[in-house]
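# Structural overview
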Amino acid sequence: MPIFAVKTTARQERTVADMIANREEPEIHAVLAPDSLTSYVMVEADNNAVINRVLEEIPHARGLVGDGAATSGMAEVEHFLSPTPDVEGIAEGDIVELVAGPFKGEKARVQRIDETKDQVTVELYEATVPIPVTVRGDQIRVLDSEER
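Residues numbered from 1 in each chain as written. Predicted model: local features only at pLDDT ≥ 70, side-chain atom pairs only at ≥ 80, totals over all residues. Heavy atoms only, no water.

### Some thoughts on the environment of Val 99
The condition that has to hold: Only runs of H or I of at least four residues qualify as helices and only runs of E of at least two qualify as strands under DSSP, and these elements are numbered from the N terminus. Buried, partly exposed and exposed residues are distinguished by accessible area as a fraction of the type maximum, computed with a 1.4 Å probe on protein chains only: under 20%, between the cut-offs, and over 50%, respectively. In what follows, residue pairs with any heavy atoms lying within 4.5 Å of each other are defined as contacts.
In this fold, Val 99 is placed in the loop between β5 (95–98) and β6 (107–114). What makes Val 99 partly exposed here is its relative accessible area of 34%. Residues in contact with Val 99, not counting those within four places in the same chain, are Lys 104, Asp 138, Gln 139, Ile 140 and Arg 141.

Below, the structure written as structure tokens:
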């Protein structure tokens, strides 16, 4: 099944994707608006004619990329389909700053990483008694990595 790239107005990708998805067109099978892809929406459809017809009625949709004949395969968009865990790029021993929660602003050293739960156990630097604290991966920012 071919996948077509639709050019959109910047920051209107989600709106355009929702409008395309809400249309009851049997020839359109899937719509994808990944956060990492600015000004584009990926549409899986039988052909470019049905997409051109739908886009005429959708604001913020600028049209198909190229002449509409160029399509992408599943291999080219597959990396958008699986989310990357928040703990990716964090290693044991890294110095991090907590950016949310009760210890916001504190510096800590990573002790353990649980990729299945997307959690990191850290030990606060300035604590009198070392206390392990477990936080979500999106609540920390790496300041210094031992791997660098």
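### Comments concerning the sheet that holds strand β9 (residues 140–144)
Counted only if it meets this: Here, any two strands with at least 2 DSSP bridges between them count as paired. Lines fitted to the C-alpha atoms define the axes, with helices restricted to the stretch that makes contact. Angles between their N-to-C directions range from 0 to 180 degrees.
Pairing is antiparallel in the open sheet, where five strands are placed in the order β8-β7-β6-β5-β9. Sheet topology places β8 (132–136) and β9 at the edges, where each strand pairs with a single neighbour. The mean inter-strand angle of the sheet, taken between neighbouring strand axes irrespective of direction, is 45 degrees. Where β6 meets strand β7 (residues 119–124), six bridges bridge the pair, whose relative direction is antiparallel. Pairing of Arg 112 across the sheet is with Thr 121, part of β7.

Purely spatial values, then, with no claim about function.
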